[in-house]
Amino acid sequence: MWSILRKDLLLEFRTREAIAALIVLVVLIVLTFTFSLDPEGARAAAPAVLWVTLIFAGLLAVQRTFLVERESGAWYGLLLGPVDRGAIFVAKLIANLLVLAIADVVLTLLLVLVLGTGVPTAPLELVFVNALGLIGFSALATLFAAISVRLRARELLLPLLVLPLLVPVVICAVEASRIVLAGGGAAAAAPWLRVLATFDVIVTVAGWMLFEQLVLE
Amino acid sequence: MTVVDADALGKSFGRVRVLRDLTLRVDGGDTVALFGPNGAGKSTLLRICATLYAPTAGTLALFGSRRRSAEIRRRIGLLSHQSFLYPDLSARENLVFYGRLYGLARPEHVADAWLERVGLAASANRTVRVFSRGMEQRLALARTLLHDPELLLLDEPWSALDAAGADLLSALLEGLRAEGRTILVATHDFERGVALAERAVILHGGRVVWEASPSDATVSVEAAYRQVTGAVAA
C-alpha cells in the first residue's frame, strides 16, 4: 500500500496535474463569491463556500488520479500486483486526501484573506472538522471514480453518482464548520461530528471491502 | 501440475461474446502458442488468466486453485498490448515501483539488473514518455519478468520490437522455457511462435478450434490456421 501511495505522491509532485487544477478552481470560486457577497454575508456563507468549493474542485482532482493510470494502462499493472486490492483503494484514498488537504489550506487562507471571514478562533477544531469531512468525501469519491473512470461519460457520471450520496457529508460538515467558525467549539458540533465520523467509517470500510469486485471487469 | 485449467470458459462484454465454451489445459513447464485472427479472444483469455477479467461462464483454476488471491497473482507475469508503465516516471522508477509492489527485497538492485538485461541501462533515468514504442516494449518485458513469475502470459510480445529486440526476447523466452517456466504466448508471428512452443493452439470465434504439437513434422501450423479459420469463417 505504501509503495502505491509513494508512487502517487511522486507522480503528483512531478506533474502537479491534480493540485494545479484544484488551486485554480478554488481561487476562481472564492473570487466569484468575494465579488457577490458583502462582509457580513461572507462570514455567514463561509462554511457553505468552503464545502461547495472543496467538493466540486475535489471531484475533478480525484477523477484525475484514476484517469492518468487508466490512460497509460498502468491501472492493470496495479491490479496484477500481489496486494490486497482493497489496499489500492486505501492508498488512493490517502493520496487524494493529502492533495485535498493542501487545497483546503489554500482555501481557508483565501477565505480569511480575500473573502474576509476573519481568522478562525478555534483553528484546531476547524482542522478536525475539515479532516472528518474530507475523509468521507475522499472515500466516496475515490470509490466511485474507480468505477466511473472506465465509462465513456465519466466526467458527467461521477458527480451524478457521488453528489446525492454526499448529502450527509455536506450537511454535517457545513453545520459543524458553521458552529466552529462562530466560536462554538467542537463540543457544540459533536452531534454533527458523530454523524460525519460514522459516515467516514462506513464508506471507508465498504470501499475497502467492495473495491475488488467493483474494479474487476 | 496443471497451471492453467480453463473449463467451458465464456466471457461477454455487454452483448458481445468474446469467449465461448473455451477449454484449455496448460501443464507446468509447457510453452503454448496461441494463434488466431483479430477478435478471436486471445487477449481476453490471457487477461482472464491474469485475473484482470472475471469470466462470465465456466471455471478457471490457476495453479490448482480457483481463488484469485494475491499469492496466485504473485506467480503470474503478463505482458500486454499496453505496457502498464507510468509515462511520467523514469524507466528505473517504474521498475523500482513494480519491484516494491511485488515485495522484492532489493528492488533498486533488481531494477538495475533488468535495465541492463533489456539494453536500457543508458536510458534508465529518462521518463517513459520519451521512449520509442520498441524501448517501451523492452521495459514492459523487464516489468513482466522482474518478480520471477512461474506463469508467463505474453500478448504479442514481439510486436514493436526491432530485429535485435525480437532476438533478445526470443533468447530470454528460450532461457525461461529451459528453466521450466510455463509460457502462454499469443502471437501472429508463426515463425517465432512455432519455434518457441511445444504446443500450438488456434482460437477462432472465442473457441479452441485446433491444437497440435508443432514439433510433429506432419503438422504445418500456418496451413492449419488458414484452413481452420477459413473453414469456420465460411
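Residues numbered from 1 in each chain as written. Chains lettered and ligands numbered in written order. Predicted model: local features only at pLDDT ≥ 70, side-chain atom pairs only at ≥ 80, totals over all residues.

Undergrad: Hey, could you run me through the packing of helix α6 (residues 123–148) of chain A against helix α8 (residues 167–181) of chain A in this one?
TA: Relative orientation and spacing of two packed helices are given, respectively, by the angle between their axes and the distance between those axes. All names here are of chain A. Direction vectors running N to C along α6 and α8 enclose 175 degrees, while the axes themselves pass 9 Å from each other. Viewed along their axes, α6 and α8 adopt a mutual orientation that is roughly antiparallel. For the pair α6 and α8, contact is made by E125, L126, V129, G133, G136 and F137 and by V169, A173, A176, S177, V180 and L181, respectively. Residues of the contact of α6 with α8, tallied by class, amount to eight nonpolar, three polar and one charged. (Axes fitted to C-alpha atoms, helices over the stretch in contact; angles between N-to-C directions. Helix = DSSP H or I, 4+ residues; strand = E, 2+ residues; numbered from the N terminus. Parallel < 35°, antiparallel > 145°, perpendicular 65-115°, else oblique. Contact = placed C-beta atoms within 7 Å. Nonpolar A, V, L, I, M, F, W, Y, C, P; charged D, E, K, R; others polar.)

Undergrad: Just checking my understanding: could you explain the pairing of strand β5 (residues 76–79) of chain B for this structure?
TA: Working note: regular strand, side chains alternate between the two faces of the sheet. All names here are of chain B. Side-chain alternation along β5 places I76 and L78 on one buried face and G77 and L79 on a second face that is also buried. Here β5 pairs with strand β6 (residues 151–155) via four bridges, running parallel. In the strand pairing of β6, I76 is matched with L151. (Buried ≥ 20, exposed ≤ 12 C-beta atoms within 10 Å, placed from the backbone. Pairing = 2+ DSSP bridges.)

Undergrad: What exactly am I supposed to notice about the interface of chain B and chain A here?
TA: Often the size quoted for an interface is simply the accessible area lost on bringing the parts together. In this complex, chain B contributes 24 residues to the contact, which on the side of chain A involves 18 residues. At the level of elements, α2 (70–74) and α3 (91–101) of chain B are the ones that each hand at least two residues to the side of chain B that touches chain A. Of the residues assigned to the side of chain B that touches chain A, the class counts are 15 nonpolar, four polar and five charged.

Undergrad: Can you help me understand the sheet that holds strand β3 (residues 31–35) of chain B in this one?
TA: The strands making up a sheet associate through hydrogen bonds between their backbones, and the pairing can be parallel or antiparallel. Residue and element names in this part refer to chain B. Pairing is mixed across the open sheet formed by six strands, whose spatial order is β5-β6-β7-β3-β8-β9. Across the chains shown, the open sheet's two edge strands, defined by having one partner strand only, are β5 and β9 (207–212). The average angle at which neighbouring strand axes cross in this sheet is 15 degrees, direction not considered. Together, β3, β5, β6, β7 (182–186) and β8 (199–204) form the strand contacts of helix α1 (residues 42–49), whose direction differs from that of β7 by roughly 150 degrees.

Undergrad: For this particular structure, what's the right way to read the sheet that holds strand β2 (residues 16–27) of chain B?
TA: Residue and element names in this part refer to chain B. Within the open sheet, the three strands sit side by side as β2-β1-β4. Their pairing is antiparallel. At either margin of the open sheet sits one strand with a lone partner, and together these are β2 and β4 (57–62). Mean inter-strand twist for the sheet, computed between neighbouring axes without regard to direction, equals 15 degrees. Pairing of strand β1 (residues 2–13) with β2, which is carried by eight bridges, proceeds in the antiparallel orientation. Of the residues in β2, the one forming a bridge with K11 is L19.

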